[in-house]
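These are the residues of each chain, in order.
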Amino acid sequence: MGLKNTIMLVLVATLMVKEALATQHVVGGTQGWDQSTDFNSWTSGQTFKVGDKLVFKYSSMHNVVELGGESDYKTCNINNPVNTMSSGNDVVKLDKPGPRYFTCGTLGHCSQGMKMKITIANEGTPSSTTSSPSSSSSSSSSSPTSTSTASLSQSFAYIVFIFALAVNMFQLMI
Ligand SMILES: [Cu+2]
């Protein structure tokens, strides 16, 4: 009986940890998806993993256009979009590793810098420094404001996990 409980608990805790490891990234932070936001600086402070989600929050003057590749991204070509969203509160699931490209479809906003490229790392591999040779002039004078909520919720989940395990082990012994 006790052993069965322990196994169940470990399974549940594993799921909890997995869920806690997935991060919701609100694009642009408090500034949101806007042409005044410095997306180079914002993305450099984030680590995107498979299973994470992007949340685009924006006013009706914007939308979200996902582009298929680097060349469209560089030239602000929105004529071959992979996906277009316009709800103002769009959630994008990062379901596979690799680069993804987003911009705004409103005339002129892409060239004003309202675009971002993100690189999604494999689940579990914290490769925040996938040094892709970006030929674009990404002057990295950005402040590393990376005390991500992921690591916080992650460590919390581990504490809960260890605690629950300890309680169950104790019950096994008595
Ligand atoms: Cu826009």
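Structure's up top.
Please read these numbers as outputs of a predicted model, since none were measured by experiment.

Thresholds, definitions, all that
Residues numbered from 1 in each chain as written. Predicted model: local features only at pLDDT ≥ 70, side-chain atom pairs only at ≥ 80, totals over all residues. Pairing = 2+ DSSP bridges. Helix = DSSP H or I, 4+ residues; strand = E, 2+ residues; numbered from the N terminus. Axes fitted to C-alpha atoms, helices over the stretch in contact; angles between N-to-C directions. Core = buried A, V, L, I, M, F, W, Y, C linked by C-beta atoms within 7 Å. Buried ≥ 20, exposed ≤ 12 C-beta atoms within 10 Å, placed from the backbone. Contact = placed C-beta atoms within 7 Å.

**Q** Help me understand the pairing of strand S4 (residues 64-67) in this model?
**A** Along any regular strand, the residues point their side chains to alternate faces of the sheet. Two strands pair when backbone bridges link them, and S4 and strand S5 (residues 81-85) are joined in this way by four bridges, in the antiparallel orientation. Residue pairing across strands places Glu-66 opposite Asn-83, the latter belonging to S5.

**Q** Whenever I open this one, the sheet that holds strand S6 (residues 89-93) confuses me. Can you help?
**A** Backbone hydrogen bonds hold the strands of a sheet together, and the pairing may be parallel or antiparallel. On the basis of which strands lie adjacent, the open sheet formed by three strands has the order S1-S3-S6 and mixed pairing. Both edges of this open sheet fall to strand S1 (24-26) and S6, since each of them pairs with a single strand only. Neighbour to neighbour, the strand axes of the sheet diverge by 20° on average, direction disregarded. With three bridges joining them, S1 and strand S3 (residues 53-57) adopt parallel strand pairing. Bridged to Gln-24 within S3 is Lys-53.

**Q** Explain the nonpolar core here, please?
**A** Most often, soluble globular proteins have nonpolar side chains that are buried together. Formed by 21 residues in total, the largest nonpolar core has its most connected members in Trp-33, Phe-56, Val-64, Val-65 and Cys-104. Look past the residues within four positions of Cys-104 in its chain and what remains in contact with it is His-62, Asn-63, Val-64, Val-65, His-109, Cys-110 and Met-114.

Just distances and angles here, no functional claims.
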